[in-house]
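Spelled out from the first residue to the last, the chains are:
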Amino acid sequence: MAYIFCIANQKGGVGKTTATVNLAAGLAKIGQRVLLIDLDPQGNATMGSGVDKRAMTLSVYDVLLESATIAEAAVIPKRLQEAGVGYTVLGANRDLAGAEVELVGEPRRERRLKQALAPVEADYDFILIDCPPSLSILTLNGLCAAQGVIVPMQCEYFALEGLADLTNTIRQVHANLNRDLRRIGLLRVMFDARITLQQQVSEQLKAHYGSKVFDTIIPRNVRLAEAPSYGLPGVAFDPAAKGSQAFVEFAGELLRRGLSA
Ligand code: ADP
Ligand code: MG
């Protein structure tokens with residue numbers, strides 16, 4: 001069965017989407033079957049995987065509203081395949097913003113994604129869910145479907161702010177909705193070793209959270225930021241870039257560790 005991970009942090013701009021698309025590409029590169037699910041109405045992971053969010057006929061919106069299955073709505077972008085990092089994408093666009101309202105009052109509304117995944121789970125080794133920057137019903141759908149959460153963090157002064165809210169939400173989801181959710185891993189991203197403060201925060205994180213902090217550190221690397229405008233993850237756009245190599249290394253770490261901390 002697939003390992004299912006949410007990439008979540010209620011802060012925006014911390015590197016969730018970059019981590020999701022590059023981890024998907026990194027895992028594909030080492031031979032894993034990957035499904036990426038975009039749960040953010042901004043559709044950045046969709047575009048960053050080479051799928052035009054404006055041209056999609058079916059998306060994760062239709063899946064949550066139960067008018068399409070994942071098998072019907074997901075695609076394998078040709079550009080990814082050509083780049084040797086073929087993974088499947090269940091895309092999102094602005095329609096998804098409406099799902100929030102449309103699901104109010106619906107039964108089992110936080111379990112829609114989990115139910116939709118059941119018939120396709122065996123087709124994948126990893127399912128990665130890119131969450132929006134909020135603790136909304138969309139993120140809740142992600143957390144209800146997942147066994148683990150990957151939290152991208154910048155090693156800055158306020159890095160730990162908000163982490164308590166997130167871990168609290170995860171604890172509540174674990175207690176009330178999803179007993180399978182049992183792993184939280186902190187991923188240090190956009191790291192600049194020349195900045196003393198970042199090194200200090202990085203060490204504090206490790207001291208505080210121990211094995212919950214992944215060994216791999218993702219450096220700040222402009223190639224990762226440039227790649228989305230080409231509709232590719234950095235791992236495919238420039239495999240030799242430091243940031244791309246770090247994500248392939250991270251894919252290996254995740255494969256090795258699975259759900260164990
Ligand atoms: P989120 O999904 O959390 O909002 P993004 O992944 O979209 O965050 O990242 C926010 C911005 O930071 C984007 O412009 C992205 O290209 C850039 N970025 C993310 N990770 C890196 C990195 N390791 N090095 C350089 N730029 C990065
Ligand atoms: Mg994002």
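Further up the page is the structure itself.
A brief look at the structure comes next. Everything quoted here is computed from the prediction, not taken from an experiment. All residue numbers refer to position in the chain's written sequence, counted from 1. Each chain takes a letter, starting from A, and each ligand takes a number, starting from 1, following the order in which they are written. The predicted nature of this model means local features are confined to residues of pLDDT at least 70 and side-chain atom pairs, given and counted, to a pLDDT of 80 or more, with totals for whole chains, interfaces and linings taken over all residues. Neither water nor hydrogens contribute to the side-chain values; these are computed over all heavy atoms in the structure.

1. A look at the sheet that holds strand S2 (residues 34-38)
One open sheet accounts for seven strands, arranged S3-S2-S4-S1-S5-S6-S7; its pairing is parallel. Each edge of the open sheet is held by one strand with a lone partner, namely strand S3 (88-90) and strand S7 (213-219). Sheet twist, expressed as the mean angle between neighbouring strand axes with direction ignored, is 25°. A pair of strands is labelled paired if DSSP reports no fewer than 2 bridges between them. Helix numbers and strand numbers start at the N terminus; a helix is a DSSP run of H or I with at least 4 residues, a strand a run of E with at least 2. Sheet analysis places strand S1 (residues 3-7) next to strand S5 (residues 148-154), joined by three bridges and oriented parallel. Every axis in this analysis is a line fitted to C-alpha atoms, fitted for helices over the stretch in contact. Angles between the N-to-C directions lie between 0 and 180 degrees.

2. Side note on helix H8 (residues 137-145)
Buried, partly exposed and exposed residues are distinguished by accessible area as a fraction of the type maximum, computed with a 1.4 Å probe on protein chains only: under 20%, between the cut-offs, and over 50%, respectively. Counted residue by residue, H8 has eight buried out of nine residues, so it is predominantly covered. Inspection of H8 places Ile137, Leu138, Thr139, Asn141, Gly142, Leu143, Cys144 and Ala145 among the buried residues, and these make up the whole buried set.

3. Remarks on the pattern of salt bridges
Think of a salt bridge as a Lys or Arg side-chain nitrogen and an Asp or Glu carboxyl oxygen that are within 4 Å of each other. Enumeration according to the criterion identifies 13 salt bridges in this entry. Between aspartate 215 and arginine 257 there is a salt bridge, with the nearest N and O atoms lying 3.7 Å from each other. Separated by 42 residues along the polypeptide, aspartate 215 in strand S7 and arginine 257 in helix H13 (residues 242-257) bring together distant segments of the chain. Its salt-bridge partner being arginine 223, residue aspartate 238 comes within 2.7 Å of it at the nearest N-O pair. Taken together, the residues span a long stretch of sequence, with aspartate 238 in the loop between helix H12 (234-237) and H13 and arginine 223 in helix H11 (residues 222-226) at a distance of 15 residues. According to the relative accessible area criterion, aspartate 238 is buried, its value standing at 17%. When its relative accessible area of 30% is taken as the criterion, arginine 223 is described as partly exposed.

4. Quick notes on the site of ligand 1
A single heavy atom is enough: if one lies within 4 Å of a molecule or strand, its residue is considered near that molecule or strand. Gly13, Lys16, Thr17, Thr18 and Asn221 are the nearest of the 14 residues found near ligand 1. Note that a nitrogen atom of ligand 1 is positioned 2.8 Å from one of the backbone N or O atoms of asparagine 221. Every accessible area reported is derived by Shrake-Rupley at a probe size of 1.4 Å, with residue values counting cover from the shown protein chains alone. Protein contacts shield 77% of the accessible area of ligand 1, which totals 560 Å² for the unbound molecule. When each cavity is represented as a set of grid points, ligand 1 is found to reside in the largest pocket. At the level of elements, helix H1 (16-29), S7 and H11 are the ones that each hand at least two residues to the shell around ligand 1. Here the shell around ligand 1 gets three residues from one element, more than from any other, and that element is H1. For the purposes of these results, a polar contact is taken to be a pair of N or O atoms within 3.5 Å, where, inside protein, one atom must be able to donate a hydrogen and its partner to accept one; residues adjacent in sequence count only when each atom of the pair is a side-chain atom. A pocket here means an open set of points on a 1 Å grid, computed over the protein atoms alone, that has protein on both sides within 12 Å along at least five of seven lines. A cavity is instead a set of points where a 1.4 Å probe fits but cannot get out; residues with an atom within 4 Å of a point line either one. A cavity or pocket is said to hold a molecule if more than half of that molecule's atoms lie within 2 Å of its grid points.

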